[in-house]
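Okay, here's what each chain looks like letter by letter:
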Amino acid sequence: MTDRTRFELPESEIPKAWYNINADSPITPAPVLHPVTFEPVTPDFLSALFPESIIHQEISTERYIEIPEEVREIYKLWRPTPLLRARRLEKALNTPAHIYYKYEGASPAGSHKSNSAVAQAYFNKQAGTQAMTTETGAGQWGSALAMACKFFGINLEVYMVRVSYDQKPYRRNIMETFGATVFASPSMNTEIGRSFLKQDPGNPGSLGIAISEAAEVAALSNGKKKYGLGSVLHHVLIHQSVIGEEALKQMDMAGEYPDMVIGCVGGGSNFAGIAFPFLRENLVHGRNTRLIAVEPSATPSLTRGLYAFDYGDTAKVAPIMKMHTIGHDAMPPSIHAGGLRYHGMAPTLSALYDAGYIEARAVRQVPVFEAGVLFAQSEGILPAPESCHAIRAAVDEAILARETGQKKVILFNLSGHGNLDLSAYSQFHAGQLQDVDYPEEQLEGIQEHLPLVPEFV
Ligand SMILES: *Cc1c(COP(=O)(O)O)cnc(C)c1O
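Rules used throughout
- Residues numbered from 1 in each chain as written.
- Predicted model: local features only at pLDDT ≥ 70, side-chain atom pairs only at ≥ 80, totals over all residues.
- Heavy atoms only, no water.
- Phe/Tyr/Trp six-rings, centres within 6.5 Å; stacked < 30°, edge-to-face > 60°.
- Helix = DSSP H or I, 4+ residues; strand = E, 2+ residues; numbered from the N terminus.
- Buried < 20%, exposed > 50% of the residue type's maximum accessible area, 1.4 Å probe, protein only.
- Pairing = 2+ DSSP bridges.
- Axes fitted to C-alpha atoms, helices over the stretch in contact; angles between N-to-C directions.
- Core = buried A, V, L, I, M, F, W, Y, C linked by side-chain atoms within 4.5 Å.
- Domains from an automatic or database assignment.
- Contact = heavy atoms within 4.5 Å.
- Buried area = accessible area lost by both parts, 1.4 Å probe.
- Parallel < 35°, antiparallel > 145°, perpendicular 65-115°, else oblique.
- Left-handed = near helix turned anticlockwise from the far one by under 90°.
- Nonpolar A, V, L, I, M, F, W, Y, C, P; charged D, E, K, R; others polar.
- Near = heavy atom within 4 Å.
- Polar contact = N/O pair within 3.5 Å; in protein donor to acceptor, adjacent residues only side chain to side chain.
- Areas by Shrake-Rupley, 256 points an atom, 1.4 Å probe, with all protein chains shown as cover.
- Salt bridge = Lys/Arg side-chain N within 4 Å of Asp/Glu carboxyl O.
- Expected span 1.5 Å × (residues − 1).
- Arc of directions from axis to C-beta.
- Disulfide = S-S within 2.5 Å.

J.: Hey, could you run me through the packing of aromatic side chains in this one?
T.: Centre-to-centre distance and the angle between the planes together describe a pair of aromatic rings. Under the criterion given, the structure shown has 14 aromatic pairs. Where Phe7 meets Tyr100, the ring centres are 6.1 Å apart and the plane angle is 55 degrees; that geometry is what we call tilted. With Phe7 in strand E1 (residues 6–7) and Tyr100 in strand E5 (residues 98–103), the pair connects residues that are 93 residues apart, well separated along the chain. Classification of Phe7 as buried rests on a relative accessible area of 2%. What links up through ring pairs into an aromatic cluster is the set Trp18, Tyr122, Phe123 and Phe152.

Laid out in structure tokens, this is it:
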């Protein structure tokens with residue numbers, strides 16, 4: 001038992017239900033508001049974008065939501081994902097801490113995103129959807145949804161942030177292999193895209209703009225196309241709970257229980273996925289695990305942003321949500337962890353952070369890659385730049401344990417592999433990466449950019 005490295009569950013242990021933190025959370029979620037009227041959104045508005053079943057999950061307070069058998073069948077292609085004890089990393093750090101990681105990079109598209117992609121494609125198929133639209137940054141979400149849509153025979157149109165489209169063609173190739181159509185965003189396909197291109201034909205794009213485009217196409221399709229979002233919304237967080245449910249069983253196999261659970265945060269889905277089942281154990285069973293969300297210092301929505309109502313996208317067509325935000329029109333400095341460059345944060349996660357149930361910290365790009373390289377050299381997996389944020393925090397906690405002589409048990413989520421992020425590693429090795437913080441001046445003005453909605457209690 002004590003010298004084991006991998007903790008594997010059999011297929012039969014793939015969770016049969018997703019966990020919904022809203023059943024146990026002491027906080028009532030704030031309403032989601034219409035981007036024009038500022039009134040709580042009606043089901044009509046949402047049903048232009050999502051099928052009923054997804055809207056139902058979005059507002060559900062049921063503790064467990066059954067995972068359909070067809071989705072579990074597809075999950076079998078990569079789930080249960082392994083949990084590993086990072087023994088060689090522990091040795092390299094000379095720490096008394098025990099470090100465990102849950103490896104979501106084992107999925108075909110290389111990240112946790114497939115967990116929600118398959119669920120969303122399934123519920124859309126059930127509702128008769130023939131085509132979907134979505135946005136993607138570097139292409140992690142786009143490639144996960146492209147695979148899922150192909151499996152269920154749904155056409156997919158992807159709006160991919162232009163810089164990534166031009167500079168990181170590999171995930172575009174994957175999406176195209178799965179039959180998706182990929183457009184560089186901003187594009188000429190939408191009113192929103194055309195207006196951004198008119199102001200600046202060289203606009204490099206952003207996730208916020210790509211979301212606006214994908215949502216516009218779905219909203220104006222007379223119900224023919226639905227929209228899929230890869231993070232932020234509550235149903236996505238629910239789908240990701242399979243990560244934490246499996247990890248609970250695997251930690252049990254290891255005969256340990258984590259003192260802290262760590263994950264990187266962009267929109268919050270992989271962190272919520274691993275952390276919320278452990279938060280349930282804290283809330284319901286009196287456990288006391290620290291839950292630590294790690295964000296880049298270039299997009300510090302939790303640690304330096306405001307907790308306020310803000311638009312989910314740049315062009316203000318997506319709903320307004322109460323969340324930690326650096327402003328929907330923020331242009332964060334460019335960093336390699338493209339998947340963490342979103343201006344806001346999942347409302348559910350924001351509320352729990354605001355109430356003190358979750359901790360957050362921001363880390364800088366160079367130390368993040370240093371930790372990622374140390375991890376690769378110890379454990380043999382090249383982590384995604386996003387995941388390196390979680391590794392940085394895990395390594396820092398392990399070093400602290402060494403300094404204080406405490407045998408802490410650390411669990412982190414390795415959200416994806418970095419085999420298609422090699423240009424980032426090459427720049428790191430060449431000493432070309434810089435530590436960039438979000439500029440203070442831009443934070444001072446956020447309030448003026450937020451919608452002036454009346455406060456709901
Ligand atoms: C998209 C992505 C993230 C960030 O998204 P969350 O919704 O915050 O999980 C993190 N890691 C990887 C590998 C990703 O692809």
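Now, onward.
J.: For this particular structure, what's the right way to read the sheet that holds strand E8 (residues 181–185)?
T.: Adjacent strands of a sheet form backbone hydrogen bonds with each other and so pair up, either parallel or antiparallel. Strand order in the open sheet formed by four strands is E8-E7-E6-E9, and the pairing between neighbours is parallel. Each edge of the open sheet carries a strand with a single partner, namely E8 and strand E9 (225–227). Each adjacent strand pair in this sheet contributes to an overall mean axis angle of 25 degrees, direction not counted. Where strand E6 (residues 131–136) and E9 come together, three bridges link them in parallel fashion. Bridge pairing in E9 places Thr133 opposite Tyr227.

J.: Explain the nonpolar core to me, please; I cannot follow it from the model alone.
T.: Where a protein is soluble and globular, its nonpolar side chains tend to be buried together. Grouped together as the largest cluster of nonpolar side chains are 58 residues, with contacts concentrated most on Trp18, Phe50, Tyr75, Val118, Leu156 and Tyr227. Examining the composition of this core, we find that eight residues originate from one element, helix H6 (residues 140–152), more than from any other. Summarising the domain contributions, this core has at least three residues from each of domain 1 (6–13 + 79–110 + 241–445) and domain 2 (17–67 + 113–235). In this view, Phe50 contacts Ile55, Lys226, Tyr227, Leu233 and His235; residues no more than four positions away in its chain are not counted. Counting 40 residues, the second largest nonpolar core, distinct from the first, contains Leu340, Phe369, Ile381 and Leu433.

J.: Quick question: what am I supposed to make of the domain arrangement of the protein chain here?
T.: By a frequent convention, interface size equals the accessible area lost on bringing the separate parts together. For the protein chain, the domain assignment lists domain 1 (6–13 + 79–110 + 241–445) and domain 2 (17–67 + 113–235). Relative to domain 2, the C-alpha centre of domain 1 lies at a distance of 22 Å. Taken together, the contact pairs 48 residues of domain 1 with 43 residues of domain 2. Contact between domain 1 and domain 2 buries roughly 3600 Å² in total, counting both sides, with carbon and sulfur atoms accounting for 67%.

J.: Would you mind showing me how to read the packing of helix H12 (residues 242–253) against helix H13 (residues 269–285) here?
T.: Any two packed helices are characterised by how steeply their axes cross, that is the angle between the axes, and by the distance between the axes. Where H12 meets H13, the closest approach of the two axes is 7 Å, and the angle between their N-to-C directions is 55 degrees. In terms of their interaxial angle, H12 and H13 are classed as oblique. Of the two possible hands of crossing, H12 and H13 adopt the one that is right-handed. Of H13, the residues touching H12 (which contributes Ile243, Gly244, Glu245, Ala247, Leu248 and Met251) are Asn270, Gly273, Ile274, Pro277, Phe278, Arg280 and Glu281. Of the residues that constitute the contact of H12 with H13, the class distribution is seven nonpolar, three polar and three charged.

J.: Got a minute to help me understand the site of the ligand in this structure?
T.: The ligand sits among 18 residues. The nearest are Lys113, Ser231, Gly266, Asn270 and Ser415. Ser231 has a polar side-chain atom sitting 2.5 Å from an oxygen atom of the ligand. With respect to the ligand, the backbone of Gly268 contributes an N or O atom lying 2.8 Å from an oxygen atom. Here the ligand, which alone exposes 390 Å², has 97% of that area covered by the protein. Taken domain by domain, the makeup of the shell around the ligand includes at least three residues from each of domain 1 (6–13 + 79–110 + 241–445) and domain 2 (17–67 + 113–235).

J.: Is there a simple way to think about the pattern of salt bridges in this case?
T.: A side chain with one charge may pair with a side chain of the opposite charge, provided their charged atoms come close. Tallying each qualifying case throughout the model produces 20 salt bridges. Note that Glu73 and Lys76 form a salt bridge whose closest N and O atoms lie 3.0 Å from each other. A salt bridge links Glu104 to Arg79, with the shortest nitrogen-to-oxygen separation between them at 2.8 Å. You can see Glu104 sitting in the loop between E5 and helix H5 (114–126) and its partner Arg79 sitting in the loop between helix H3 (69–75) and strand E4 (83–85), a full 25 residues away along the chain. Both residues of the pair, Glu104 and Arg79, belong to the buried class. Connected via shared salt-bridge partners are Arg79, Lys102, Glu104 and Glu246.

J.: Please explain helix H15 (residues 365–379) as it appears in this structure.
T.: Three- or four-residue spacings in an α-helix give side chains the same orientation, since the helix completes a turn every 3.6 residues. Taking 1.5 Å of rise per residue, the 15 residues of H15 would be expected to cover 21 Å, and the 21 Å separating its terminal C-alpha atoms lies within 8% of that figure. The element H15 is extensively covered by neighbouring structure, given that eleven of its 15 residues are classed as buried. Listing the buried residues of H15 in full gives Gln365, Val366, Val368, Phe369, Ala371, Gly372, Val373, Phe375, Ala376, Ser378 and Glu379. Count one or two residues on from H15 and you reach Gly380, which has phi positive near 85 degrees.

J.: Where do I start with unusual backbone geometry in this structure?
T.: Peptide bonds are trans in most cases, and residues, glycine excluded, mostly fall at negative phi. Cis geometry is found at the peptide bond from Arg79 to Pro80, where omega equals -10 degrees. Relative to the helices and strands, Pro80 is located in the loop between H3 and E4. In this structure, Asn94 is a non-glycine residue whose phi angle is positive, near 50 degrees. Phi at Lys316 takes a positive value of approximately 65 degrees, unusual for a residue other than glycine. Assignment of secondary structure puts Lys316 in the loop between strand E12 (306–311) and strand E13 (320–325). Under the relative-accessibility criterion, Lys316 is labelled partly exposed at 42%.

J.: Would you mind going over helix H17 (residues 422–429) with me for this structure?
T.: Taken as a whole, H17 has its buried residues at Ala424, Tyr425 and Phe428. Looking down the long axis of H17, one finds its buried residues gathered within 95 degrees of arc, a one-sided arrangement. Looking at the buried side of H17, the elements it contacts are H15 and helix H16 (385–404). Looking one or two places after H17, you find Gly431, whose phi comes out positive at around 70 degrees.

J.: How do you make sense of the state of the cysteines when you look at a structure like this?
T.: The bond known as a disulfide is covalent and runs between the sulfur atoms of two cysteines. Enumeration according to the criterion identifies zero disulfides in this entry. Between Cys264, a cysteine without a disulfide, and Cys388, which holds the nearest cysteine sulfur, the sulfur-to-sulfur distance is 9.1 Å.

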